[in-house]
Every structure is written in structure tokens, then in C-alpha cells.
Amino acid sequence: MTALELVDIGANLTHESFRADFDAVLARARAHGATQILVTGASAGGSRAALALALAHPGFLYATAGVHPHHAHEYDEATDALLRELSAQPQVKAVGETGLDYFRNYSPHAAQIDAFERQLQVAIDSGKPLFLHQRDAHADFIACLDRVRDRICRAVVHCFTGERAELIDYLDRGCHIGITGWICDERRGQHLRELVRLIPADRLMIETDAPYLLPRDLVPKPSHRRNEPMYLAHVCAAVAAARGEDAGLIAQITSRNARAFFALDA
């Protein structure tokens with residue numbers, strides 16, 4: 001167990017893999033220091049479900065409302081109206097997960113850009129911060145952001161896994177940065193151990209992105225290989241080690257940042 005108090009800014013708790021043991025997942029999260037969790041909305045139905053979880057667990061779970069670029073081809077007037085309705089709810093703390101993903105290309109680029117730009121407008125109109133996703137689409141992503149950067153309140157690039165130039169672009173635009181268990185991956189995340197030192201303390205946040213991105217260096221690994229919020233403490237320790245700082249300090253600053261960014265209850 002840990003005495004750390006942690007805020008997980010991104011967990012996909014509406015995922016079907018959590019249905020059988022959801023209450024136990026939450027209990028383990030609390031036992032390992034997670035005091036507040038943002039449940040990610042990544043589709044119309046998923047955003048509704050995220051809000052339902054937040055309403056059922058007030059003060060512990062909160063929600064985001066958005067359409068992931070994988071689902072951008074589904075974005076229509078009804079979706080836009082739903083996101084506007086959801087973003088007006090006090091338990092919905094950000095618009096997203098939204099952005100661009102040219103790695104998988106589950107939606108055409110034009111559809112992704114359109115859905116992203118419409119969600120940027122939802123954030124502007126609602127005054128809510130943005131929960132952002134970008135993969136292999138940096139130039140178009142930055143171009144979309146730059147068109148509205150003077151009208152959005154706050155933005156976090158969630159699950160940052162990119163290179164130095166991308167990080168600098170985000171920091172230059174005032175973005176916060178979310179770090180996941182990717183930093184624990186000796187194959188793909190080694191560069192993050194250097195880059196995380198460049199993130200100003202007041203713009204650093206941590207997340208699990210559960211059930212995805214189980215830290216590869218967990219010992220022992222769970223047999224089901226499912227990530228869950230209880231492992232946020234492990235991510236916190238990895239970030240602290242990479243920055244040469246105490247895990248307790250990283251827990252304190254990332255939780256403070258998350259509560260201010262998402263306007264969470266103290």
C-alpha cells in the first residue's frame with residue numbers, strides 16, 4: 001500500500017473488461033492512493049456512460065465527453081448536440097478525448113479534422129478544458145490548435161509519447177502534458193525518461209489510460225494483462241525516478257495540477 005494521494009487524469013473505466021469486477025477495481029485504486037479519477041469519454045455512448053459513472057461515484061469519479069479520432073466518421077449533428085449537453089454538466093470536466101490519429105486511420109483524415117474542429121468549438125463555447133489525443137498527425141494537430149489557441153482555456157495532451165520537438169511545440173502553446181506507463185516501456189518509452197525532465201512542474205500530470213498501457217516493468221505482472229488505476233502509483237514512481245525527484249513530490253504536484261486544471265473538488 002502507499003501513502004501517496006494521486007489523481008488519474010485518464011482511465012477508460014467504461015471498457016467492457018471492467019464490468020465483471022468494477023467495484024473491486026475502484027477499491028484497489030483507492031487502496032493504492034488514487035483519490036480522484038477522470039473517466040474518459042471517447043464516443044457518444046462512452047461519454048454518456050462516463051457521466052453515469054461520475055454521477056454514481058461523486059467526488060471520486062469525474063468524466064470527460066468527447067469523440068476519439070477513431071470514431072470521427074460517426075460525428076454528426078446529434079453527436080455535437082450531445083457533447084454540448086454533456087459538457088454543460090458539472091461532473092464533466094473536459095471536452096475529449098479528441099484530436100487526430102493518423103497511425104490507425106480508422107476514420108479518414110478529413111473526417112478527423114472536422115470532428116476535432118467541432119469539438120474545439122464545443123470547448124470554446126462551454127469554457128471547459130480540452131483532453132487531447134495525437135498520434136502521427138502532429139502538423140495538422142498543431143494547425144487546428146493554432147487556429148483557436150487564443151480562445152481555449154486549457155488543454156492537456158494526454159498520453160504523450162512523442163519526440164522532443166513535439167513536446168516543445170505543446171509547451172510553447174501552454175499545454176499540460178499527461179504521462180502514462182509508456183515511460184515504463186524499455187522498448188518504446190526510453191526517450192520519455194529524458195523528455196519528462198523538460199516538462200515544467202506546474203504542467204505535469206499522470207494517468208494510467210487503463211485498461212491500456214499496462215506498465216511493462218511491473219513485477220509481478222497481472223495474469224490478465226489489464227491495466228487499472230491501482231498502477232498509477234507505479235507510473236508516479238517511474239516519473240519521479242526519471243526526473244530525479246521524490247515520488248511523494250510528484251504525487252503532490254501532479255495531483256495539485258490535475259485538481260486545478262479540471263476544477264476538481266479539493
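Residues numbered from 1 in each chain as written. Predicted model: local features only at pLDDT ≥ 70, side-chain atom pairs only at ≥ 80, totals over all residues. Heavy atoms only, no water.

Caption draft 1: Geometry of the pattern of salt bridges. Under the criterion given, the structure shown has 18 salt bridges. Across the pair Arg-149 and Asp-146 runs a salt bridge whose closest N-O atoms are separated by 3.8 Å. By relative accessible area, Asp-146 is classed as partly exposed at 29%. One continuous salt-bridge network, built from bridges that share partners, spans Glu-77, Asp-80, Arg-84, Arg-118 and Asp-125. (Salt bridge = Lys/Arg side-chain N within 4 Å of Asp/Glu carboxyl O. Buried < 20%, exposed > 50% of the residue type's maximum accessible area, 1.4 Å probe, protein only.)

Caption draft 2: Seen up close, helix H9 (residues 247-262). With 16 residues, H9 should cover 22 Å at 1.5 Å per step; its first-to-last C-alpha distance of 22 Å lies within 8% of that length. Measuring from the backbone nitrogen of Gly-248 back to the side-chain oxygen at the start of H9 gives 2.8 Å, which picks out Asp-246 as the cap. One or two steps after H9, the chain reaches Ala-263, where phi turns positive at roughly 55°. (Helix = DSSP H or I, 4+ residues; strand = E, 2+ residues; numbered from the N terminus. Expected span 1.5 Å × (residues − 1). Polar contact = N/O pair within 3.5 Å; in protein donor to acceptor, adjacent residues only side chain to side chain.)

Caption draft 3: Here's a closer look at the packing of aromatic side chains. Per the counting criterion, the structure on display carries 4 aromatic pairs. With 6.1 Å between their ring centres and 90° between their planes, Phe-160 and Tyr-170 make a pair best called edge-to-face. Pair noted here: Phe-160 is in the loop between strand S6 (155-157) and helix H6 (164-172) and Tyr-170 is in helix H6, with a separation of 10 residues, a long-range link. Assessed through its relative accessible area of 3%, Phe-160 is described here as buried. Considering the side-chain rings of Phe-261 and Phe-262, the 4.7 Å spacing of their centres and the 70° angle between planes classify their relative orientation as edge-to-face. Under the relative-accessibility criterion, Phe-262 is labelled buried at 1%. (Phe/Tyr/Trp six-rings, centres within 6.5 Å; stacked < 30°, edge-to-face > 60°.)

Caption draft 4: Quick peek at the layout of surface pockets. Its boundaries defined by the atoms lining it, the largest pocket holds a volume of some 700 Å³. Taken together, 25 residues line the largest pocket, and the ones lying closest to its centre are His-68, His-70, His-133, Asp-209 and Tyr-212. Listed by contribution, the elements that provide at least two residues to the lining of the largest pocket are strand S4 (92-101) and strand S5 (130-135). Sort the elements by how many residues they give to the lining of the largest pocket and S5 lands first, with 3 residues. A class-by-class count of the residues in the lining of the largest pocket yields 6 nonpolar, 13 polar and 6 charged. Considering only enclosed or pocket space, the second largest pocket measures out at about 250 Å³ in volume. In terms of lining residues, the second largest pocket is bounded by 16 residues, among which Arg-135, Asp-136, Thr-161, Gly-162 and Glu-166 are the most central. Elements represented by at least two residues in the lining of the second largest pocket include exactly S5 and H6. Among the residues making up the lining of the second largest pocket, the classes are represented as 6 nonpolar, 5 polar and 5 charged. (1 Å grid on protein atoms, 1.4 Å probe; cavity = no way out; pocket = protein on both sides within 12 Å on 5 of 7 lines; lining within 4 Å. Points joined across faces, edges and corners; volume = space filled by probe spheres on them. Nonpolar A, V, L, I, M, F, W, Y, C, P; charged D, E, K, R; others polar.)

Caption draft 5: Representation of the pairing of strand S1 (residues 6-11). Of all 6 residues in S1, 6 are buried, a share of seventy percent or more. Of the pairings in the sheet, the one linking S1 to strand S2 (residues 34-39) comprises 4 bridges and is parallel in character. Directly across from Val-7, in S2, lies its bridge partner Gln-36. Of the crossover connections in this fold, the one passing from S1 over helix H1 (residues 22-31) to the parallel S2 is right-handed. (Pairing = 2+ DSSP bridges. Right-handed = clockwise from strand over helix to strand, strands pointing away.)

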